[in-house]
Structure formats: structure tokens, C-alpha cells
Amino acid sequence: MIWAISFFVLSLAGAVLLPLGCGFSLWWGILIFLGLEILIHLLFVLAHWIFCLRGRDRETPMEKQSPVGLIGAKRAGDLVCAYGGVRPQVSGKEKLPQTPFLLVCNHRSLFDPMTIMKELSDYNIAFVSKPSNLQIPMVGDIAYTAGYLAINRQNDREALKTILQAADYLKRGVCSIGIFPEGTRTRTGKLQDFHAGSFKIAQRANVPLVIACVRDTEKVSHRLFLRPTKVYLDILEVLPAQQVKAMSTRDLAEYSRNKILEVIKE
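Within the secondary structure, Asp 122 sits in the loop between helix H4 (111-119) and strand E3 (125-129). On the basis of relative accessible area, Asp 122 is assigned to the exposed category, the value being 69%. With 48 residues separating them in the primary sequence, Asp 122 and Lys 74 have C-alpha atoms 9.4 Å apart.

Quick look at the structure:
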């Protein structure tokens, strides 16, 4: 929120001062404000991208996260939630382990990862996402250097490579990993089946599994710029690494889905 306010204040100052000094009309002030808002945000992304250029070789696993890429990813969550009018209500945060973990969550909206990034920024969670998200110019490079990984669910061999890479990041303590085991956001509001392969990440890395649930994020886009939207992020349960190892991936997927389904049906 503080970043969005800072950018707004800078743009507003420019929109007020420039017309006063040059005799422009009110409409010129509005246009200058909008132009400065766009320019400041582009410069924000560009500055992070330039510092992240060295991380563009995505075939080489990272030894550690880029501090600049990490800050850029976290601030993106803040900005998107601020401009989207997202008002998160979080519960169960005290359950989260202080060691790296795999977080699994249902997927209702594009605002899901942004809400998690904003509210759990202290836990350094990088997401496994579909390839197109990491192909966005500049944004994809920043996300990659922050630990984000693309998974191609249409190619089992490529998907396994991503799972192994995510497990390696967890093992080495590079970051925690977040994944949406439905594979894509729901279009109907109904919770979809979970891909059991996602849970191999926690098993291979021998880390706890955090089961989380988001609600009402799908309402944000309908109220965008009109009114704030209260959304909910609930940390439901944390399964210890030993329990994760003892269960099959199919059982883990079914157990996690049922826990989330209980909350959604309330």
C-alpha cells in the first residue's frame, strides 16, 4: 500500500506543479497526472529488470535469489492489491513454519498469488506458474530471479524437471514454494481436482506442507476501481515433513482438497 501511495503522491505533485508553472488548464493537469503514473510504474519495472538481467539464463538453476528480483516481486503484490482495492483478512498465519515449506492453495482469481505475496511476504514464497506468466516481457525475468518457476503440464518430462527444480530450491533453502494444484483458476467457482504430481515437491524436499484457502478473490475484478473487496486467506493446516513422506501423493492431494472444500462450503 505504501508504494502505491508514494507513486500517487509523486504523480499528483507533478500534475499540480507543472500546470501552475506553465499556465496549463485543469485538463492538462489530469493528463500529466495519468502520464506520470504510467511513467513511474514503467520506470519501477524497468529499474528492477535492468538489475535482474544477469538472471535471464533460465536453463541454469539459481544458487540464490536476486535481492532486487525478490523486492520487485514483493512490491508487485503490494501494488496490485492496492490498486485492485483488495482488503485481505488472514487467519492461521501463526501456524506457518519458520523453515522452507510447500504451500498449496485453491485458485479462484489472478489476485490469489498477489494476495499471498502481499500478506506472506516475510515467508519468501516463490510460485510455480504456467509458462505464459513468466514470458511476460521484463516481468518474467524479474519473477525468475525471485525464484519463480514455469511448469508445462502438457509435457510430463518438462513438468518433472520443474518439480525437481522446485524441490532443489526448498532443500537448499533458496525460498519456500507456492503452487496451485488445480493447475488453473476455476471458471465456475467449483473446486477442481488437484494434480497429485504437485505434492512430489514436498516429498522430494522433505519439507512441511502448508494447506491454504483463498475466498472471494474472484469478486475483485467486478469491483475494480469502484469499491474495496474483502478477501480471505486462511492457513488451514501444516503437515509435518514426516507425515508428508508417509502419505502417497494421491492421498495428499485428496486430503488437501477436502480441507479446502470444507471451508469453501461454509
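Structure shown, so let's carry the discussion forward.
Assignment of secondary structure puts Thr 162 in helix H6 (residues 156-171). Take Thr 162: its relative accessible area is 10%, and that puts it in the buried class. Within the structure, Thr 162 has its side chain in polar contact with the backbone oxygen of Ala 150 (distance 2.7 Å). If sequence neighbours within four positions are ignored, Thr 162 has contacts with Val 128, Leu 149, Ala 150 and Ile 151.

Along strand E7 (residues 229-239), 8 of the 11 residues are buried, which leaves the element largely enclosed by surrounding structure. Summarising the sheet, strand E1 (residues 86-91) and E7 pair through 6 bridges and their orientation is parallel. Within E7, the position partnered with Val 86 by the bridge is Thr 229.

To continue, consider helix H3 (residues 67-84). Relative to the 26 Å expected for 18 residues at 1.5 Å per residue, H3 spans 26 Å between its end C-alpha atoms, a close match to the ideal helical length. Taken together, the buried positions of H3 are Gly 69, Leu 70, Gly 72, Ala 73, Arg 75, Gly 77, Asp 78, Leu 79, Cys 81, Ala 82 and Gly 84. Trailing H3 by a residue or two, Gly 85 shows a phi angle of about 70°, which is positive.

Taken in spatial order, the 7 strands line up as E1-E7-E6-E2-E5-E3-E4 in an open sheet, and their pairing is mixed. Strands at the two margins of the open sheet, each flanked by one partner only, are E1 and strand E4 (149-150). Where E3 meets E4, 2 bridges bridge the pair, whose relative direction is parallel. Paired with Ser 129 across the strands is Ala 150, a residue of E4. The strands touched by helix H9 (residues 249-264) are strand E2 (102-105), strand E6 (209-215) and E7; relative to E6, the strand with the most contacts, the crossing angle is about 35°.

All right, on to the packing of H3 against H4 then. Packing of H3 against H4 brings their axes to within 8 Å, and their N-to-C directions diverge by 115°. With respect to the hand of their crossing, H3 and H4 are arranged in left-handed fashion. On H4, the residues touching Ala 73, Ala 76, Gly 77, Asp 78, Val 80, Cys 81 and Gly 84 of H3 are Phe 111, Met 114, Thr 115, Met 117 and Lys 118. Each residue belonging to the contact of H3 with H4 can be placed in one class, and the counts come to 7 nonpolar, 3 polar and 2 charged.

On average, residues of the protein chain score 81 in pLDDT, and 77% of them reach the 70 mark or higher. Of the regions scoring below 50 in pLDDT, residues 7-12 engages in 14 contacts with residues more than four places distant in sequence or in other chains.

Okay, a nonpolar patch on the surface next. There is a patch of nonpolar side chains on the surface, built from Tyr 83, Leu 224 and Phe 225 and spanning about 310 Å² of accessible area. Structurally, Phe 225 is set in the loop between E6 and E7.

As a further point, take the packing of aromatic side chains. Applying the stated criterion to the full structure yields 3 aromatic pairs. Between Phe 101 and Tyr 123, the ring centres sit 6.3 Å apart and the planes meet at 55°, which makes this aromatic pair tilted. Taken together, the residues span a long stretch of sequence, with Phe 101 in the loop between E1 and E2 and Tyr 123 in the loop between H4 and E3 at a distance of 22 residues. We note that Phe 101, like Tyr 123, is buried. Taken together, Phe 127, Tyr 148 and Phe 180 form an aromatic cluster joined through their ring pairs.

Our next topic: the environment of Ile 260. Locating Ile 260 in the fold gives a position in helix H9. Residue classification places Ile 260 among the buried residues on the basis of a relative accessible area of 0%. As a C-alpha pair, Ile 260 and Cys 105 span 155 residues in sequence and 8.0 Å in three-dimensional space. Discounting residues that sit within four places of it in the chain, Ile 260 has contacts with Cys 105, Asn 106, Leu 191, Phe 194, Ile 211, Ala 212, Cys 213 and Leu 236.

What follows covers empty space enclosed by the protein. Space left empty within the atom packing is revealed by a probe, the size of a water molecule, rolled over the atoms. Applying the stated rule across the entire model yields 1 cavity of 30 Å³ or more. Considered as a void within the structure, the largest cavity measures approximately 80 Å³ in volume. Those elements that place two or more of their residues in the lining of the largest cavity are H3 and E3. Broken down by element, the lining of the largest cavity gets its largest block of residues, 3 residues, from H3. Looking at the lining of the largest cavity residue by residue, the classes come out as 8 nonpolar, 3 polar and 1 charged.

About the cut-offs
- Residues numbered from 1 in each chain as written.
- Predicted model: local features only at pLDDT ≥ 70, side-chain atom pairs only at ≥ 80, totals over all residues.
- Heavy atoms only, no water.
- Helix = DSSP H or I, 4+ residues; strand = E, 2+ residues; numbered from the N terminus.
- Buried < 20%, exposed > 50% of the residue type's maximum accessible area, 1.4 Å probe, protein only.
- Polar contact = N/O pair within 3.5 Å; in protein donor to acceptor, adjacent residues only side chain to side chain.
- Contact = heavy atoms within 4.5 Å.
- Pairing = 2+ DSSP bridges.
- Expected span 1.5 Å × (residues − 1).
- Axes fitted to C-alpha atoms, helices over the stretch in contact; angles between N-to-C directions.
- Left-handed = near helix turned anticlockwise from the far one by under 90°.
- Nonpolar A, V, L, I, M, F, W, Y, C, P; charged D, E, K, R; others polar.
- pLDDT = per-residue confidence, 0-100.
- Patch = residues over 30% accessible without salt bridge, like charges linked within 9 Å, V, L, I, M, F, W, Y side chains within 5 Å.
- Areas by Shrake-Rupley, 256 points an atom, 1.4 Å probe, with all protein chains shown as cover.
- Salt bridge = Lys/Arg side-chain N within 4 Å of Asp/Glu carboxyl O.
- Phe/Tyr/Trp six-rings, centres within 6.5 Å; stacked < 30°, edge-to-face > 60°.
- 1 Å grid on protein atoms, 1.4 Å probe; cavity = no way out; pocket = protein on both sides within 12 Å on 5 of 7 lines; lining within 4 Å.
- Points joined across faces, edges and corners; volume = space filled by probe spheres on them.

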